[in-house]
Every structure is written in C-alpha cells, then in structure tokens.
Amino acid sequence: MIMTTRHAAIFLSASLLLALAAMLMPWSPVEQEWQGYQRTYFASAGTGVGGEIAVRQVIPRLGPDGQPTAKAAPELCLTCHIGLEEISPSHPVETFGCVICHAGLGLALDKEQAHTGLLANPGDLSTAPESCGQSGCHAGHPDPSRNHLEQVTRSLQATYAGGIALVRYTFGAQKDLAPAYGVIGAVDPQPLSQTMPALAVYTITQSSLPPEGQFVQNCLDGGCHLTEPAAKQPYRYRATGCAACHILYNDDGRYTGADPTISRDEPGHPARHQLTTAIPFSQCNHCHNRGNYSLRSMAFTPRPDLPPVSAPIPATMPAEGRRLREYYQPIGQFTKCEWELDCIDCHTQAEAMGDGHLWPDQKSMQYVQCRTCHGTLTEAPATATITDPDDPALRLARLNGHYSLQMGDGVVVTERGEKLGSVQRRDGRLVQFGKVDGREYAVPPVQGSQCQQQPNQQESRYCHQCHTYER
Ligand code: HEC
Ligand code: HEC
Ligand code: HEC
Ligand code: HEC
Ligand code: HEC
Ligand code: HEC
Ligand code: HEC
C-alpha cells in the first residue's frame, strides 16, 4: 500500500521515540499538540468530566489487506482524534483501527507525519479501491451482491451515461440514444441483453460541439455526480463516492460530534463520523430535488424556495411541516406516502447503488412502481416468503435495526425479484416499517377500494391527477 517497509521502520523508531519522550516528560514546559486536543476534549465533554492526558493506542486485528493478522502495528491516531465516533458497529474501532480505511502512519504523533498519504475520504471513488473497495471488504467476493465498489462505479449516479447520450443525440453528436460515454469510464464483463458492455470517459475535444462544452460546464461540473465534490451551499454539503450516501451531512454542513480536531464552525464536515444504511431523504436530496436542467438553454435552475435562492427554513419549524416543504421542489406532484416515507423505503439498494450492470438510462434502471406496494384493481401486490438464510433482505434488516425480519416472513417483491423486507404480510394485510425511524404504516390496497385508475395507466403521473397532496 502507501507505506514501504523501510519507511515503516524509520517512522516506527522515530515515532516510538517521540511517544516515549512525551510519556517520560509530563513536566515538559512545551505542550505537545495532542495534549492540547485532549485538554479541549476533556474540558468540553461535560461538567466535571476529566480524563487522563495520555497517548491512546489501538492495535487493530486486521492488516492493510483487510485480512485478519496477528502482528498489526499499534495506531496512535486517537491520541489527537480523541472522542471521535466509532465509524459503525460493522467496523469496530478495536478491530479496524483507522489506517485500514484512511492510510496514514499510525505510529506518528506529529500531524504531518501521521497524515502521510492520508485518504481524507476513503469512500471517494478515485481511491476507494485502496480502501472500502480492497479485496475482501467491498470487492472481490464470489457473491456479486457484496461487490459494492463494482456496483457503484457502474451505476448511473456515477456515470450519468443516459444524460450524456441524450444531450449528444439532441445536438447531433451521435446517431442514436445508445450511451458510449460516462462521467467515469466503466466495463461490465457480463452485460445483459439490455445493458452496455463498456463506457469511455466523456471528455471535451476539438471535435466536440459547442453545446457539449456548455453541458459539461453547467451540468456535469455542477456537483450532482458521485465523483464530483458538492457545491459549498446549505442543503448541498455531502461527501463523494460511497460516503455521499452513507455518511450523513447536516443541511448546514456542520460537525456535531466530539472530536476536538474537527471544526464545528466551518461547514463542509460530516454530521458525525458514522456510516449508516438508514439514509434519510435529506441525504439523497443533497443531490436530488435541488432544481431542473433545461436541455434548451443547457442551464440549471435551482429550486426557488431554498438556498441559494431563498433563505433556509428556520430551525423552529416543526418536523412534519419542514419535511413537506423540503422534500420536493415546488412544481413537484406527490401523494402522502411520497413525502411521509423516505426515499429508501421505496427505492431499492440496486436502484440507488447500481446492480453491477451499465444500464443505458434512468428509465431502464428505475423499476419500483406505485403498484409494487399498492397492487392494481385486479391484482394484489406480489409477495414472497423469506426462505434463504443468505437472502440480502435479511442482511439489510439486520444492518438497519429499525425493523425486524425473520425466515418465513412474507414480504413484497419487486419485478426484478428483490424482497422489500420492510413491507411485510401480516394477517392478509401489508404493513410497512420506516427504515429511518421505524414508524409503522398500514399499506392501503387498491384492490377493493373505490380507486378510479385505468389498468394501462400505472405511471405515477396518472395517479397524481387524482392523488396529489397540497402544500
Ligand atoms: C498530532 C495530532 C494528530 C494525529 C496524531 C493525527 N491527526 Fe488526523 N487530524 C489532526 C487535525 C488537527 C486535523 C484537522 C485538520 C488539520 O488541521 O489539518 C486532522 C484531520 C484528519 C482527517 C481529515 C482530513 C481532511 O482533509 O479532511 C483525517 C481523515 C484524519 N485526520 C485521520 C487521521 C488518521 C487516520 C491518523 C492516524 C494515522 C491521524 N489522523 C493522526 C490531528 C492529528
Ligand atoms: C470503515 C472505514 C473507516 C474507518 C475504520 C475510519 N474512518 Fe474516518 N472516515 C471514514 C469516512 C468514509 C469518512 C468520511 C469522509 C467525508 O465525509 O468526506 C471519514 C472521515 C474522517 C475524518 C474527517 C471528518 C471531517 O471533518 O471531514 C476524520 C478526522 C477521521 N475520519 C478519522 C478517523 C480515525 C482517527 C479513525 C480511527 C479511530 C477512523 N477515522 C476510522 C471512514 C473510516
Ligand atoms: C446513491 C447512494 C449510495 C451510494 C453512493 C452507495 N450506497 Fe451503499 N447503500 C445504499 C442504499 C440505499 C442501501 C440499502 C439501504 C437499505 O435499504 O436498507 C445501501 C446498502 C449498502 C450496504 C449494506 C447492504 C449490503 O449489501 O451489504 C453496504 C455494505 C453498502 N451499501 C456499501 C457501499 C459502498 C462500499 C459504497 C461505495 C463503493 C456504497 N455503498 C455507495 C445507497 C448507496
Ligand atoms: C451525489 C449525488 C447523488 C446522491 C447523494 C444521490 N443521487 Fe440518486 N442520482 C444522482 C444522479 C446524478 C442521477 C441521474 C442519473 C441519470 O439521469 O442518468 C441519479 C439517479 C437516481 C435514480 C434513478 C436511476 C437509477 O439508477 O435507479 C434513483 C432511483 C435514485 N437516484 C435514488 C437515490 C436515492 C434513494 C438516494 C439516497 C439514498 C440517492 N439517489 C442519492 C445523484 C445522486
Ligand atoms: C412512496 C414511494 C417513493 C418515495 C418515498 C420516493 N420515490 Fe422515487 N419513485 C417512486 C416510484 C413509484 C417511481 C416511478 C415513477 C413512475 O411510476 O412514474 C419513482 C421514480 C423516481 C426517479 C426516476 C424518475 C424519472 O424521471 O425517471 C428518481 C430519480 C427517484 N424516484 C428518486 C427519488 C428520491 C431521491 C426520493 C427521495 C427524495 C424518492 N424518489 C422518494 C417511488 C418513490
Ligand atoms: C414501498 C411501498 C410504497 C410505494 C412504492 C408506494 N406507496 Fe403509496 N403508500 C404506502 C404506505 C405505507 C401508505 C400509507 C401511508 C399512511 O398511512 O400514512 C401509502 C398510502 C398511499 C395512498 C393513500 C394515502 C393518500 O395519499 O390518500 C395513496 C393514494 C398512495 N399511497 C399512492 C401511491 C402512489 C401514487 C405511488 C407511486 C408514486 C405509491 N403510493 C407508491 C406505501 C407505498
Ligand atoms: C381518476 C382518479 C384516480 C386515479 C387516476 C387514480 N386513483 Fe387511486 N383512488 C381514487 C379514488 C376516488 C379513490 C378512493 C378514495 C377513498 O376511498 O378515499 C382511490 C383510492 C386509492 C387507494 C386506496 C386509498 C385508501 O386510503 O384506501 C390507493 C392505494 C390508490 N387509489 C392508488 C392509486 C394509484 C397507485 C394510482 C395510479 C396507478 C391511482 N390510485 C390512480 C381515484 C384515482
């Protein structure tokens, strides 16, 4: 990885000496940088909470290749980063330490040295193969549903293949809508009949048409793709790559955890040092529902009711009203469940993270429908029973923790065969549990209701003609 054995040896001895010196000279008049952070931490951690100012070490039990090891080197990062939240129960600090994800030199107590080769965001797609995506972690499994790095780097949210193809086709740069380019390049060795085998990186060249340059400038560099840093604006702060969804950011971009080295005043930091799969709508909305692109003018029109156009919603506004206002842009049409539920209550992991294939556009990849949960006048929603102990639905439920799912439970299935573990069959009815707050809902069926829908009009735009919520 980042550190050669020789480097390691030099830093090991240098850092051990430093650490030793620090421990042997508590009377030293010169305060070490880390001692200052610990003082700040103990002073702010609450009334009367004191603690020993001391070097803190973790000896992780995983090596840099993600495999268990007997001789891992101690890591002293927590000496400065005291109070930092554990990243998640699946990555316990005593097993993982820090270096396995962040790189850096674990034995150093000097900031610059410790941060040598540091990956500030291990989830960024450019460096994820050395971190989240190292073999045995989120890549390299025989079970493809565990190879998350492959899925994400081929997803439309990362490539935007359909959008690029549409623009190029509209302006005559290509003959049909078949995508050839992505924001990042990607290859799928086992394409389906409906998906692309490969995408080249989209770059502006001498032969590009003028609107393409405008498109790249106004749209692709506009901060909505997984590889792009976010616009530094309230509501838009987020990280890149895996962390764009799994590390939550407050709308004002401020850190509210306990690590004294992380600024609480400067926006642009995660809310806390924590990974989650219980992703609230507000996180997806750091990119989604922020405004509209015009193909005609190649410009982005931000929604008029939130920053940067309008002031943020006052912190005093009650949660319910706030949610209704923040969820969709003013022109949006939606039913009650579309703003009461969170995006991940309806959209599957494959829709959000990708399924490992290069789908040509948003329309072909997005498949959950209103009738997936509500059925139609003649059909009840499709359901199935959990019979396989390795069903990914069980994994999702366990990681989420807001709802429980067991072998033998009946759940709704999508047209691509995934089980929606949070929408469960109970006594002939369907109940749904919110993945973000655990709230329980009864899902009303269309069958047996007075619904006036037409059998061949199942898209939401038809439903919205009769079922629209007024703000
Ligand atoms: C001597 C104190 C010190 C030590 C030791 C230290 N850090 Fe830091 N770290 C800081 C400070 C202070 C910051 C805040 C940013 C800055 O001042 O550069 C920081 C920032 C960071 C960041 C955010 C960087 C960014 O650009 O956003 C990461 C990630 C990080 N440290 C990880 C580590 C890891 C991993 C280790 C151990 C290998 C480590 N740190 C050891 C003091 C330290
Ligand atoms: C499972 C991987 C993982 C482990 C283990 C891990 N981190 Fe992180 N860390 C992340 C991710 C992902 C981010 C989010 C980066 C972002 O939001 O830009 C992050 C962010 C940070 C930040 C920057 C926060 C900021 O304000 O930008 C610091 C500091 C940090 N980690 C320190 C540590 C230290 C110290 C340890 C060990 C105790 C550690 N991390 C363990 C994945 C990890
Ligand atoms: C666009 C949003 C998004 C991005 C980006 C993303 N994820 Fe996910 N991830 C999700 C959603 C949604 C779920 C499912 C949550 C649920 O329904 O419980 C999920 C679930 C997971 C799970 C748990 C389920 C399982 O299959 O084990 C893991 C692990 C995971 N993601 C890892 C990653 C990694 C690694 C990356 C980066 C390579 C990444 N994710 C990028 C949205 C995202
Ligand atoms: C980093 C910005 C970003 C984040 C965060 C993000 N998305 Fe997206 N998402 C996009 C972009 C860009 C597209 C457009 C792809 C296209 O038009 O080809 C997209 C498309 C989609 C699609 C339709 C295409 C598909 O692949 O299924 C769904 C569904 C979706 N996102 C759901 C989510 C959910 C749910 C979350 C939160 C868990 C989320 N997104 C978070 C940027 C983001
Ligand atoms: C109540 C369930 C529900 C919720 C909640 C929900 N969606 Fe959807 N979404 C759908 C359905 C159903 C469709 C298919 C639309 C249709 O049938 O016309 C869809 C379509 C989409 C599309 C594709 C639209 C297109 O133009 O092709 C995207 C992107 C998307 N949703 C993102 C999101 C995001 C982001 C959130 C959260 C902010 C969210 N959805 C919340 C059910 C939901
Ligand atoms: C993942 C499951 C799921 C999907 C997909 C879904 N719904 Fe719902 N729907 C629910 C739940 C749960 C409720 C009950 C909400 C409550 O009781 O507060 C509900 C309630 C409703 C109601 C009755 C409440 C009202 O607004 O009067 C209507 C109508 C409705 N949904 C229409 C739709 C439409 C249209 C779509 C597609 C855009 C859709 N639903 C997609 C789960 C879903
Ligand atoms: C022409 C108008 C119309 C259209 C289009 C329509 N509905 Fe309805 N729907 C109704 C009416 C009227 C009711 C009965 C309302 C009641 O009983 O309060 C109803 C009832 C429902 C219910 C049961 C609500 C409950 O609380 O029991 C659901 C779910 C529902 N519709 C979903 C849909 C979906 C999904 C679509 C689109 C595929 C759709 N509807 C299209 C008029 C319509």
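Predicted, not measured: the structure shown is a model, and the values here were computed from it.

**Q** Give a description of the sheet that holds strand E1 (residues 181-182) that names residues and reports values.
**A** Pairing is mixed in the open sheet, where three strands are placed in the order E1-E3-E2. Looking along the sheet, the strands with just one partner apiece sit at the ends: E1 and strand E2 (186-187).

**Q** Please give an account of the pattern of salt bridges that cites residues and values.
**A** For side chains bearing opposite charge, pairing can occur when the charged atoms are close. The tally for this structure, following the rule as stated, stands at 10 salt bridges. One salt bridge connects Arg-254 with Asp-252, and the closest N-O pair in it is separated by 3.8 Å. Assessed through its relative accessible area of 39%, Asp-252 is described here as partly exposed. Note that Glu-340 is salt-bridged to Arg-439, the shortest N-O span being 3.6 Å. Note that Glu-340 is positioned in helix H13 (residues 336-340) and Arg-439 in the loop between strand E9 (429-433) and strand E10 (440-442), a separation of 99 residues in sequence. Take Glu-340: its relative accessible area is 14%, and that puts it in the buried class. Note on Arg-439: relative accessible area 38%, which makes it partly exposed. Each of Lys-336, Glu-340 and Arg-439 takes part in one network of salt bridges that share partners.

**Q** So what's going on with the coordination of the iron atom of ligand 5? Which residues, and what values?
**A** Among protein residues, the single donor to the iron atom of ligand 5 is His-347 (NE2), with a metal-donor distance of 2.0 Å. Structurally, His-347 can be placed in the loop between helix H14 (343-346) and helix H15 (349-353).

**Q** Describe the coordination of the iron atom of ligand 6, and please don't skip the residues or the numbers.
**A** All of the protein donors around the iron atom of ligand 6 are Cys-337 (SG) and His-374 (NE2); their distances to the metal are 2.0 to 2.3 Å. Seen from the iron atom of ligand 6, its six donor atoms lie at angles of 87 to 179°, and the figure they make is octahedral. One end of the pair, Cys-337, is in helix H13; the other, His-374, is in helix H17 (residues 370-374), and 37 residues separate them in sequence. Residue Cys-337 is classed as partly exposed on the basis of its relative accessible area, which comes to 30%.

**Q** Run through the site of ligand 1, naming residues and quoting values.
**A** Taken together, the neighbourhood of ligand 1 is formed by 18 residues, with Cys-77, Cys-80, His-81, Lys-111 and His-115 sitting nearest. Here His-81 contributes a side-chain N or O atom positioned 2.8 Å from a nitrogen atom of ligand 1. At a separation of 2.8 Å, a nitrogen atom of ligand 1 approaches a polar side-chain atom of His-115. Here the residues of the shell around ligand 1 sort into 11 nonpolar, five polar and two charged.

**Q** Mind laying out the site of ligand 7, listing which residues take part and the relevant values?
**A** Close contacts around ligand 7 come from 16 residues, with His-374, Cys-451, Cys-463, Cys-466 and His-467 the closest. Between ligand 7 and the protein, one listed contact pairs a nitrogen atom with a side-chain N or O atom of His-467 at 2.8 Å. Breaking the shell around ligand 7 down by element, the ones donating at least two residues are H17 and helix H19 (460-466). With three residues, H19 is the single largest residue contributor to the shell around ligand 7.

**Q** Lay out the nonpolar core with the relevant residues and their values.
**A** Residues Leu-156, Ala-161, Ala-186, Met-196, Leu-199, Ala-350, Leu-358, Trp-359, Met-365, Tyr-367 and Val-368 constitute the largest nonpolar core, which totals 11 residues. Beyond its immediate chain neighbours, meaning those up to four positions away, Val-368 contacts Cys-346, Thr-348, Glu-351 and Thr-414.

**Q** Please provide a residue-by-residue account of helix H8 (residues 161-170), values included.
**A** Most of H8 is tucked away, with seven of its 10 residues classed as buried. Turning to H8, its buried residues number three or more, namely Ala-161, Gly-162, Gly-163, Ile-164, Ala-165, Val-167 and Arg-168. Where the residues of H8 are buried, they touch helix H7 (156-159), E1, strand E3 (198-201) and helix H9 (210-220).

**Q** Run through the environment of Ile-279, naming residues and quoting values.
**A** Along the chain, Ile-279 falls in the loop between helix H10 (243-246) and helix H11 (281-284). Remark: the alpha-carbon pair of Ile-279 and Cys-245, spanning 34 residues in sequence, is separated by 6.8 Å. Filtering out sequence-adjacent residues up to four positions away, Ile-279 remains in contact with Cys-245, His-246, Cys-284, Asp-342, Ile-344 and Val-436.

**Q** Give me unusual backbone geometry: which residues, what numbers.
**A** Look at the link from Pro-307 to Pro-308: it is a cis peptide, with omega at 10°. The residue Pro-308 is located in the loop between strand E5 (299-302) and helix H12 (319-327) in this model. Of note in the backbone geometry, Asn-289 takes a positive phi value of approximately 60° without being a glycine. Secondary-structure assignment places Asn-289 in the loop between H11 and strand E4 (291-294). Non-glycine residue Asp-427 carries a positive phi angle of around 50°. Within the secondary structure, Asp-427 is located in the loop between strand E8 (419-426) and E9.

Cut-offs used in this document
Counting of residues starts from 1 at the beginning of each chain's written sequence and follows it residue by residue. Just so you know, chain letters begin at A and ligand numbers begin at 1, following the order they were written in. Local features in this predicted model are restricted to residues whose pLDDT is 70 or higher, and side-chain atom pairs enter the listing and the counts only when it is 80 or higher, whereas totals over whole chains, interfaces and linings include all residues. Derived side-chain values reflect all non-hydrogen atoms in the structure, with water molecules and hydrogen atoms excluded from consideration. Pairing between two strands is assigned when DSSP locates at least 2 bridges connecting them. The helix and strand labels rest on DSSP assignments: H or I over at least four residues marks a helix, E over at least two residues marks a strand, and numbering proceeds from the N terminus. Salt-bridge detection follows one rule: a side-chain nitrogen of Lys or Arg within 4 Å of a carboxyl oxygen of Asp or Glu. Accessible area is worked out with a 1.4 Å probe on protein chains only. A residue is then buried under 20% of its type maximum, exposed over 50%, and partly exposed in between. In this description, a donor is an N, O or S atom within 2.8 Å of the metal centre, a cutoff extended to 3.2 Å for sodium, potassium and calcium. Water is not part of the atom list, which can make sites seem incomplete. A four-donor site is classed as tetrahedral when every donor-metal-donor angle falls between 85 and 135 degrees; four donors are called square planar, and six octahedral, when trans pairs exceed 155 degrees and all remaining angles lie between 65 and 115, with any other arrangement labelled irregular. Think of it this way: one heavy atom of a residue within 4 Å of a molecule or strand is enough to make that residue near it. Any pair of nitrogen or oxygen atoms within 3.5 Å is treated as a polar contact; in protein, a donor-acceptor pairing is required on top of that, and neighbouring residues in sequence qualify only through side-chain atoms on both sides. When residue character is reported, Ala, Val, Leu, Ile, Met, Phe, Trp, Tyr, Cys and Pro are called nonpolar, Asp, Glu, Lys and Arg charged, and the others, Gly included, polar. Nonpolar cores were defined as sets of buried Ala, Val, Leu, Ile, Met, Phe, Trp, Tyr and Cys residues, with membership established by side-chain atoms within 4.5 Å. Whether two residues are in contact is decided by their heavy atoms: any pair within 4.5 Å suffices.

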